[in-house]
Each structure stands twice: as structure tokens, then as C-alpha cells.
Amino acid sequence: MTNRMILNETSYFGKGAIQEIVPEITRRGYKKVAVVTDAGLIKAGVATKVIDLLKEAGVDHVVYDGIVPNPTIKNVTDGVEFVKNSGAEAIVAIGGGSPQDTAKAIGIIITNPEFADVISLEGVADTKNPCLPILAVPTTSGTAAEVTINYVITDDKNHRKFVCVDPHDIPLVAFVDSDMMMGMPAKLAASTGMDAMTHAIEGLITKGAWEMTDMLHLKAINIIGHSLENSVKGNQKAREEMALGQYIAGMGFSNVGLGLVHGMAHPLSAWYNIPHGVACASLLPTIMKYNKEFTGEKYREIAIALDIPNAKEMTIDKARDAACAEIDRLSKSVGIPATISELGVKAEDLPAIAKDALADVCTPGNPRDTTIEEIIELYQSLL
């Protein structure tokens, strides 16, 4: 079996990393760039940290700030039109998963116009050309969109999210700067941080996992497990550690896939506009328990990475339970909702939502094969 690894060409890490944006633009010869972000990040003065650097250096640029949480097909098509008309040679994507994912779709369609309907990008699209170059600046510690070959778009007319997987969409350069993450409110730091933990755990146990990605995911679990709670409290060192941890998780899961947590989270976001990180975080402890008998020694490795005492000596059953209990504790400690009814989920919708979850591209990667009846029962257990 052949395993593939795809990563950024270049990445910068640490406080002040955005100072490298202008040198990268200059070195690569881009005469004009399009900033893709959301209006909230402009208003909060987060995206303007990068825009000000462009202004000070005299870099010709335009700003598309129409991105919404759970970005829609219209977000993408409007962005394609805007960036094409601007004549920009590259995109500077600033934000969490929503701006990053939208930037990927925009960049792919500009260089592969036969996919202009957006929906045809679902799954593994047969694009021929690399996307318009993307320089990615994350502002949350969770999605790792700056290092993945995945993006998610919402088909709001049909109440569903669809996942796109394309090696041509990976950002060319990433700037992982903790200064850009200090503006996260506690709830956002918690939900995106638990999303990052979900990436690491699902990436570790997914059917496609192998030695190199296991190494990445276990290190990510260790970093996130030790820094998430302080990151939620606003500690900058912890936010820098979370920025690194979520990136390392992205290096892994982007190349091997995810599982049922994401498969069940995507329709929740599509149906109720629940933030993706919140949906994943609310599901993770329950799905971990559901999967535990199908994970070999992986949960022991999780327990060891989380520094659970005596994890090496425990029976495998106790090690699995200890890993599940610690993730449950961590989730509760940062304020993740314990039930999906708190998020507005309605019992009468569950059969249709479960159908979407079973069909989600992430679900087949789960270590335990599932059925629509089991998915309904899992949702019901969380109401």
C-alpha cells in the first residue's frame, strides 16, 4: 500500500509570523492580492493587522469580506466574481475555517472554471490546475484549514454541507501567528480547540491512519490536551501552543481522513447553522465511547499522550475508559454543551439528519462501521 503526504510549501510559526507576508508576496512577484475574510474580523481589528501591513508596503490589494459562518455556495460564487474582476494574482485568506474554506473554493474555480457551479467540487473533484495561490492566516486554533487539502461548503437550499477534497487547493504559504488568535472569545477558543482535538483523535483512529500520521496526531493530542484550558482563559503562550497543535493535527488528518464525529457534525451545522467546532465538540465524547472497542491500542496511546497516570500498566479496557473520561472532562471544563438539544436540534429531524450523516464523506473512515439506526440512536442519546 502506498501512503501519500501533502503539506504546505512554506509555513511560518510563532508570535509575529505575519511580518513575513509582505516579503513572501514580494519574493513571489505578486503585483496584486485579494484579501478574503469576514466583516467581523475587520471590525474587531484582527484582519486589519494584515491589511495594514499591505498598505504600509504599498502592496496593491482589494478586500472581500462577505464570508459568513458555514459559508454558502453564494459566498463562493460572489467571491469568484469579485476576485476575478479585481485582477488579483493571489489570495490572502484571513480567518477561521469559513474564510479559509471559501478562499480555497474561490481559488480552485478561478483556475478551473468548469467547476463554477461549486457543487461539482464535492468529494474528490478531478481538477486539472492548482488553485490561485493562497497565503493563509488562521485566526482560530482549530480548523487547520491552512494546511489541509479539504474544505466544506454549505448547500443552504438543501440543508446540507458537502466536503471537497483536492490536493490542488492547499495554501501555498501559512502564517500561524498567535497574535492573530488573541482576539478569540473564550467560547470560540473552546469550540475550535475541541475541534482540533477531534481532528487529532479521529485522524489517529481512522481506517487510513499509518505510522507517520499517528506520530503527528499523538503529538497534537499531547499539545492540545495540555494547552486548551489555558488557551480558553486567554493565555498567549497557551494560544501559541494551540496554534501549533491544531496545525500538526491538520498535517495528519488532511492526508488520512476523519470519521463519524465529523460525519454527524456536518449535517447539524447545515440544518441548524451550528458552528462546526461546537457541533464536533458536543459529539466527540459520545462517539469516542461508541468506537472504543474497535481501536486496538490507540486509546491507550491517547491516555499516555494526555499523561493519565498508570496508562501504560492499565488493562486495555481501563485505558480506553480513562481516555474517554479525560476527553469528556476536558470538554465539560471548557464549557462545551453536553446535549445537542441545547444547540436547537429537534428530535423529529433526526431521521433525515442521520441519513445525511451516513452519506457524509467522513463517515466511512470511522473505525467502526455504522448504520442509520445506530446514528439515530447516537443523536437521541445526546438530546
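See the structure above.
Now for a look at the structure at hand. Owing to the predicted nature of the structure, the values given are computational and were not obtained by experimental measurement.

1. Some words on the sheet that holds strand S2 (residues 32–36)
Stage number 1. Spatial ordering of the open sheet is given by S1-S9-S6-S4-S2-S3, a layout of six strands whose pairing is parallel. The open sheet has two free edges, formed respectively by strand S1 (10–13) and strand S3 (60–64), since each of these has just one partner strand. The average undirected angle you get between the axes of adjacent strands in this sheet is 15°.
Stage number 2. Relative to strand S6 (residues 134–138), strand S4 (residues 90–95) is paired through five bridges, and the arrangement is parallel. Opposite Ala-93, over in S6, you have Ala-136 as the bridge partner.
Stage number 3. On top of the sheet, helix H8 (residues 236–256) reaches S1 and strand S9 (173–176); it is set at about 150° to S9, its chief contact.

2. Remarks on the packing of helix H1 (residues 21–28) against helix H3 (residues 47–56)
The angle between the axes and the distance between the axes are what describe a pair of packed helices.
Stage number 1. Where H1 meets H3, the closest approach of the two axes is 9 Å, and the angle between their N-to-C directions is 50°. Taken together, the axes of H1 and H3 are oblique relative to one another. When you trace H1 past H3, the crossing you get is right-handed. Between H1 and H3, the residues in contact are Ile-21, Val-22 and Ile-25 and Val-50, Leu-53 and Leu-54, respectively.

3. Considering the sheet that holds strand S5 (residues 123–124)
Stage number 1. Pairing within the open sheet is mixed, and its three strands lie in the order S5-S8-S7. With partners counted over all chains shown, the strands left at the sheet margins are S5 and strand S7 (150–155), one partner each.
Stage number 2. Bridging between S5 and strand S8 (residues 160–165) involves two bridges; their strand directions are parallel. If you follow Val-124 over to S8, its bridge partner there is Val-165.

4. With respect to the environment of Lys-346
Stage number 1. Residue placement: Lys-346 occurs in the loop between helix H12 (316–333) and helix H13 (350–359).
Stage number 2. It is 9.7 Å that separates the C-alpha atoms of Lys-346 and Gln-380, two residues lying 34 residues apart in sequence.

5. Quick notes on the packing of aromatic side chains
Stage number 1. Scanning the model with the defined rule gives four aromatic pairs in all.
Stage number 2. The interplanar angle of 5° and the centroid separation of 5.5 Å between the aromatic rings of Tyr-12 and Phe-175 together place this pair among those described as stacked. Taken together, the positions of Tyr-12 in strand S1 and Phe-175 in strand S9 put the pair 163 residues apart, joining distant regions of the chain.
Stage number 3. A centroid spacing of 4.8 Å and a plane angle of 90° characterise the contact between Phe-13 and Tyr-247, whose relative ring orientation is edge-to-face. Residue Phe-13 is found in strand S1, and its partner Tyr-247 is found in helix H8; the two are separated by 234 residues along the sequence.
Stage number 4. Between the NZ or CZ atom of Arg-368 and the centre of the ring of Tyr-290, over which it lies, the distance is 3.9 Å.

6. Remarks on helix H9 (residues 260–272)
Stage number 1. Here H9 spans 19 Å end to end across 13 residues, near enough to the 18 Å set by a 1.5 Å rise per residue.
Stage number 2. Taking burial as the measure, the 13 residues of H9 include twelve buried ones, the bulk of the element.
Stage number 3. Along its buried surface, H9 packs onto S7, S8, helix H6 (186–205), helix H10 (276–291), H13 and helix H14 (372–381).
Stage number 4. One or two positions beyond H9, positive phi appears at Asn-273, with a value near 60°.

7. A look at the pattern of salt bridges
Between side chains of opposite charge, a pair can form when the charged atoms approach closely.
Stage number 1. With the rule as written, the count across this model stands at 19 salt bridges.
Stage number 2. Salt-bridge contacts for Arg-27 lead to Glu-24; the nearest nitrogen and oxygen are separated by 2.9 Å. Remark: Glu-24 and Arg-27 occur in helix H1; sequence separation between them is three residues, near one turn of the helix.
Stage number 3. Given a relative accessible area of 3%, Glu-24 falls into the buried group.
Stage number 4. Arg-368 is the partner of Glu-374 in a salt bridge, and the nearest nitrogen-oxygen pair spans 3.7 Å.

8. Side note on the pairing of S4
Stage number 1. Burial runs high along S4: six of the six residues are buried.
Stage number 2. Along S4, one buried face is formed by Ala-90, Val-92 and Ile-94 and the opposite face, lined by Ile-91, Ala-93 and Gly-95, is buried too.
Stage number 3. Sheet topology note: the S2/S4 ladder contains four bridges and is parallel. Its bridge partner lying in S4, Ala-34 is registered against Ile-91.

9. Quick notes on the pairing of S8
Stage number 1. Across the six residues that make up S8, a large majority, five, are buried.
Stage number 2. Relative to S8, S7 runs antiparallel, the two sharing six bridges. Across the sheet, residue Val-152 finds its bridge partner in S8, namely Val-163.
Stage number 3. Connecting S7 to the antiparallel partner S8 that follows it, the hairpin turn spans four residues, and His-159 within it adopts a positive phi of roughly 55°.

10. Observations concerning the nonpolar core
Stage number 1. Counting residues in hydrophobic clusters, the biggest one holds 73 residues, and the most contacted among them are Leu-268 and Tyr-379.
Stage number 2. Sequence-distant contacts of Tyr-379, defined by excluding residues within four places in its chain, comprise Met-264, Pro-267, Leu-268, Leu-283, Ile-340, Leu-350, Ile-353, Ala-354 and Ala-357.

Parameters at a glance
- Residues numbered from 1 in each chain as written.
- Predicted model: local features only at pLDDT ≥ 70, side-chain atom pairs only at ≥ 80, totals over all residues.
- Heavy atoms only, no water.
- Pairing = 2+ DSSP bridges.
- Helix = DSSP H or I, 4+ residues; strand = E, 2+ residues; numbered from the N terminus.
- Axes fitted to C-alpha atoms, helices over the stretch in contact; angles between N-to-C directions.
- Contact = heavy atoms within 4.5 Å.
- Parallel < 35°, antiparallel > 145°, perpendicular 65-115°, else oblique.
- Left-handed = near helix turned anticlockwise from the far one by under 90°.
- Phe/Tyr/Trp six-rings, centres within 6.5 Å; stacked < 30°, edge-to-face > 60°.
- Lys NZ or Arg CZ within 6 Å of the ring centre and 35° of its normal.
- Expected span 1.5 Å × (residues − 1).
- Buried < 20%, exposed > 50% of the residue type's maximum accessible area, 1.4 Å probe, protein only.
- Salt bridge = Lys/Arg side-chain N within 4 Å of Asp/Glu carboxyl O.
- Core = buried A, V, L, I, M, F, W, Y, C linked by side-chain atoms within 4.5 Å.

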